[in-house]
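Listed below are the residues making up each chain.
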Protein chains: 2
Amino acid sequence: MKIAVMGYGTVGSGVVEVIEAHSDSIPAKIGGESLEVSRILDLRDFPDDPHKDLFTKDFNDILNDDEIKIVAETMGGVNPAFDFTMKLLKAGKSVVTSNKELVAQKGPELLKTAEDNGVNYLIEASVGGGIPIIRPLTQCLAANNIEGIAGILNGTTNFILTMMIEQGMSFDDALKLAQENGYAEKDPTADVEGHDACRKVCILASLAFGKHVYPSQVETQGITDITLEDVEYVNSANGVIKLLGQIKYINKDKIAAFVSPAVVYNGSQLSSVKDVFNAVLVRGDAVGDVCFYGAGAGKLPTASAVVADIIDCAKHANRKKIFGWGEGSEDYVVDYKSTIEMPFYVRAKADKDSVSKVFGDVKYLSRANQSDDELAFITASMTENDLNEKLKGIEVMNTIKVTNY
Amino acid sequence: MKIAVMGYGTVGSGVVEVIEAHSDSIPAKIGGESLEVSRILDLRDFPDDPHKDLFTKDFNDILNDDEIKIVAETMGGVNPAFDFTMKLLKAGKSVVTSNKELVAQKGPELLKTAEDNGVNYLIEASVGGGIPIIRPLTQCLAANNIEGIAGILNGTTNFILTMMIEQGMSFDDALKLAQENGYAEKDPTADVEGHDACRKVCILASLAFGKHVYPSQVETQGITDITLEDVEYVNSANGVIKLLGQIKYINKDKIAAFVSPAVVYNGSQLSSVKDVFNAVLVRGDAVGDVCFYGAGAGKLPTASAVVADIIDCAKHANRKKIFGWGEGSEDYVVDYKSTIEMPFYVRAKADKDSVSKVFGDVKYLSRANQSDDELAFITASMTENDLNEKLKGIEVMNTIKVTNY
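The residue count restarts for each chain, going from 1 along the sequence in the order it is written. Naming scheme: in the order in which they are written, chains are lettered from A and ligands are numbered from 1. Where local features are concerned, this predicted model is filtered to residues with pLDDT of at least 70; where side-chain atom pairs are given and counted, the filter is 80 or more; whole-chain, interface and lining totals use all residues. Excluding hydrogens and water, the side-chain values take into account all heavy atoms of the structure.

Caption draft 1: Structural context of the sheet that holds strand S4 (residues 68–73) of chain A. All names here are of chain A. DSSP bridges decide pairing: two strands pair if at least two such bridges lie between them. Numbering goes from the N terminus for both helices and strands, where a helix is a DSSP run of H or I of at least four residues and a strand is a run of E of at least two. Taken in spatial order, the six strands line up as S3-S2-S1-S4-S5-S6 in an open sheet, and their pairing is parallel. The strands lining the two open edges of the sheet, one partner per strand, are strand S3 (55–56) and strand S6 (121–122). As paired strands, S4 and strand S5 (residues 94–97) are joined by four bridges and run parallel to one another. Residue pairing for S5: glutamate 73 is matched across the bridge by threonine 97.

Caption draft 2: Molecular detail of unusual backbone geometry. Between Asn79(A) and the following residue, Pro80(A), the backbone shows a cis peptide bond with an omega angle of 5°. On the secondary structure map, Pro80(A) appears in the loop between S4 and helix H4 (81–90). Positive phi, normally seen in glycine, also occurs at Asn369(B), with a value near 60°. For every residue, the accessible area (1.4 Å probe, protein chains only) is compared with the maximum for its type, and the residue is labelled buried under 20%, exposed over 50%, or partly exposed between those bounds. Note on Asn369(B): relative accessible area 73%, which makes it exposed.

Caption draft 3: Summary view of the packing of aromatic side chains. Residues and elements named next belong to chain A. Only rings of Phe, Tyr and Trp enter the pairing, Trp through its six-membered ring, and a pair is recorded when the two centres are within 6.5 Å. The plane angle decides the type: under 30 degrees is stacked, over 60 is edge-to-face, the rest tilted. In total, this model carries 21 aromatic pairs over all chains according to the counting rule given. With a centroid separation of 4.0 Å and 5° between ring planes, the pair formed by phenylalanine 59 and phenylalanine 84 is classed as stacked. Here the residue phenylalanine 59 occupies a position in the loop between S3 and helix H3 (60–63), and phenylalanine 84 occupies one in helix H4, the gap between them amounting to 25 residues. Residues phenylalanine 59 and phenylalanine 84 agree in their burial class; the two are buried.

Caption draft 4: Representation of the interface of chain A and chain B in the model. In this analysis, two residues are considered to be in contact whenever any of their non-hydrogen atoms come within 4.5 Å of each other. Across the contact, 43 residues belong to chain A and 43 residues belong to chain B. Definition used for salt bridges: Asp or Glu carboxyl oxygen within 4 Å of a side-chain nitrogen of Lys or Arg. If you look at where chain A meets chain B, you find zero salt bridges. Polar contacts here mean pairs of N or O atoms no more than 3.5 Å apart (in protein, one a potential hydrogen donor and the other a potential acceptor; neighbouring residues in sequence count only if both atoms are side-chain atoms). Here chain A is connected to chain B by 18 residue pairs in polar contact (both at pLDDT 80 or more). Contributions of two or more residues to the side of chain A that touches chain B are made by helix H1 (10–21), helix H6 (134–140), strand S12 (288–295) and helix H12 (299–315) of chain A. Ranked by the residues each element gives to the side of chain A that touches chain B, the list is headed by H12(A), at eight residues. Counted by class, the side of chain A that touches chain B contains 23 nonpolar, 11 polar and nine charged residues. Polar here means any residue outside two lists: the nonpolar Ala, Val, Leu, Ile, Met, Phe, Trp, Tyr, Cys and Pro, and the charged Asp, Glu, Lys and Arg; Gly therefore counts as polar.

Caption draft 5: Representation of the environment of Tyr332(A) in the model. Residues and elements named next belong to chain A. Mapping tyrosine 332 onto the fold places it in the loop between H12 and helix H13 (336–339). A sequence separation of 300 residues divides tyrosine 332 from glycine 32, and the C-alpha atoms of the two residues are 46 Å apart. Once you skip the residues sitting within four places of it in the chain, tyrosine 332 turns out to touch Phe209, Lys211, His212, Val213, Asp253, Lys254 and Ile255.

Caption draft 6: Examining the sheet that holds strand S4 (residues 68–73) of chain B more closely. Residues and elements named next belong to chain B. Strand order in the open sheet formed by six strands is S3-S2-S1-S4-S5-S6, and the pairing between neighbours is parallel. Edge positions in the sheet fall to strand S3 (55–56) and strand S6 (121–122), since each has one partner strand and no second. Its contacts with the sheet put helix H1 (residues 10–21) on strand S1 (2–6) and strand S2 (36–41), and the angle it makes with S1 is roughly 155°. Axis geometry follows a simple rule: fit a line to the C-alpha atoms, using only the stretch in contact for helices, then measure angles between N-to-C directions, giving values from 0 to 180 degrees.

Caption draft 7: Quick peek at the pattern of salt bridges. In total, this model carries 44 salt bridges over all chains according to the counting rule given. Residue Lys87(B) pairs with Asp83(B) through a salt bridge whose shortest N-O separation is 3.3 Å. Taken together, the positions of Lys87(B) and Asp83(B), both in helix H4 (residues 81–90) and four residues apart, correspond to about one turn of that helix. As a salt-bridge pair, Asp230(B) and Arg347(B) come within 2.7 Å of each other at their nearest N and O atoms. Of this pair, Asp230(B) sits in helix H11 (residues 228–236) while Arg347(B) sits in strand S13 (residues 344–349), and the two are 117 residues apart along the sequence. With a relative accessible area of 0%, Asp230(B) lands in the buried category. Here the salt bridges do not stand alone but share partners, grouping Glu124(A), Arg135(A), Asp309(A) and Asp312(A) into one network.

Caption draft 8: The environment of Ile340(B), seen in detail. Residues and elements named next belong to chain B. Position of isoleucine 340 among the secondary structure elements: in the loop between helix H13 (336–339) and S13. Separated by 41 residues in sequence, isoleucine 340 and serine 381 place their C-alpha atoms 9.3 Å apart. With sequence-adjacent residues up to four places away left out, isoleucine 340 is seen in contact with Lys248, Ile250, Ala256, Met382, Thr383 and Glu384.

Caption draft 9: Representation of the relation of the copies chain A and chain B. C-alpha atoms of residues with pLDDT of at least 70 in both copies form the basis for the least-squares superposition of the copies. At an RMSD of 0.0 Å, chain A and chain B line up after a rotation of 180° and a shift of 0.0 Å along the axis. The two molecules are tied by a two-fold rotation axis, judged by turn and shift. When C-alpha distances to the rotation axis are compared across chain A, the minimum falls at Phe292(A), with a value of 2.4 Å. Most of the interface of chain A is mirrored in chain B: 100% of its interface residues are interface residues there too.

Caption draft 10: Focus on the packing of H1(A) against H12(A). All names here are of chain A. One way to put it is that H1 packs onto H12 with a least axis distance of 8 Å and a crossing angle of 65°. As for how H1 packs across H12, the hand of that crossing is right-handed. Listed contacts from H12 to Thr10, Val11, Ser13, Gly14, Val15, Glu17, Val18 and Ile19 of H1 are Lys299, Leu300, Thr302, Ala303, Ser304, Val306, Val307 and Ile310. Taken together, the residues of the contact of H1 with H12 sort by class into nine nonpolar, five polar and two charged. The crossing is said to be left-handed when, going from far helix to near helix, the turn is anticlockwise and less than a right angle, and right-handed when the turn is clockwise.

Following this line, the structure appears as structure tokens:
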């Protein structure tokens, strides 16, 4: 069975590598045929690559090749990936993708086009890299009403926070180390400001609740304001700070979804997810909490998820998978700041009298070398708007959500 | 769509409860129809049950009802569940099960009969209760060669060990507490001796590597020999003792599989799995380590896995899922004691001189109130046979495998 790969970067070249490394075992999984990469689309030249005869710079070489039934889109970005994918689906080819930006922006249109043309558009690699999450969420947990999802969805920020927590490194030094290790881009904005996690929250929320969520609907805060002081105070409360994507079911017409740093108490499965690893915790009404852990990025883990989707397409060549979600709407994602109650971590230049006047009894935290005029505490459960109202007149240094996962 | 439930114990009654609780959301997942429990088989009387009109003591009422297309077998035990399931499959009905004993003993025959009759035999609930593991293993990780699996597969023993580790409770007291909480049976043998974990290892190994493994092929050791002294020594090495089922790929004709207590170092995802929770860690050549965590037993979690399989059957009413494994063979599971090398924890009445004469440099452990003639240490990597050879002449109090997961 002939397939094509579009985009020969980290993931795309990994897809070719994984298919070749498993050429012995794949045929048994798709009814005896083998998978053959017959075309690779990339604008760059790879003169020394062993697959150099397969390269093309012309998308039409793939679109018009009737023998190619499945295409892996590992280009990233919305354009031209969107245009290419639409044309392929309309031409009756199935497409599998690792492109979270495209799925988060254009998911419903692509899924509908696949359905209309009797082909598959599979997206496992677009969330959580190699961690199986989409089939477990849509199939294995089908007998649950999902109450909420919380995920560590970005390896770069998790690495930085782990270095701050375990090594006492500053944010800047940890970011530099992440860049040296190849975990962070030269321009780390998409990771450290939470945009990457935001896209994955959109896809998870869309899958879990059946209506598309757009990145612009998800309030997103990164980790650049987290200091070592915050890390130390939270440690004294037996917790760690993680960048979490959180989704909460409200009713069949409303959800909340947001990305932010959050205090996770030790004992939670999310608290022990370290370095570049990712995890997604799903809370169902029947199953309780289940958690999926693994490498959230990286060449071979992500490529293995792409290839699993290729295998699934090949197995179901003549059948559409029942899978997908509908269009979103403007008022579907609520303003969580006025509706969702949770405790908050607060660090402020204040004295206990003024704090207890406003917040009543709170849990005070401590750190080594704490200065006399600085306090940190955990509030009772309240909305973020109520918190901000109470904090008027107090010199706030940082606030962080406290999660119940 | 009419279904039947055989066995109205904890899981069976949970299946009915989950179907009713999700009657609003299930139809959308199976093409519009609703699921209706039309028959419940149980030899006991339930005069006050709201479903009392559905009960029957005659299996033929289900077998001969042409409207019933899917049956949930939640009876447990090999007989008569095996006979009933075979008859149902031959009659063209799909069967879903939570019965790990039956699947571990008779899996290949049942799967083959399902295939021959164009129906499904789905078993998600037979491993790990509510934790999605079978689809992730067979579909999501299809592009990996699986190198090994390690699982905390029994909630009762994990609860007992957690109480020993965190509360300093003795084994006997922790067992008693587990019984009081309803986590352990009056006769706890199947749990504490590892038999329950053994059955789940058989199913996982069969799924992962395509050939059936029988319980008699899996060397199984329980947790009754673990003492608080062992727990303390291992704690000083930054580890915890867990009952692990381990499976290792050797080559396409050979695997190793065993159940035993094992030292897991903190930092492993398995080390933070506490109380009655379960987790399965899968090591793939492309994806690395992925881990699935959740409630391994309990009424609603297990029932939700059964109902997910019912939904899957209902969705694919006219199509056989590609899923299953072949017959096993006598020499398929190797004698791990002569082949698999690993470090061991040893507690002995000995002095350092005699230990280092035999083992060379070892890592010594410590505990409070350690007696003068007692030593505990971690050896270099070796086979269990080599270990036992070296230990001749030393007064051994306990040995425990050290895992690399």
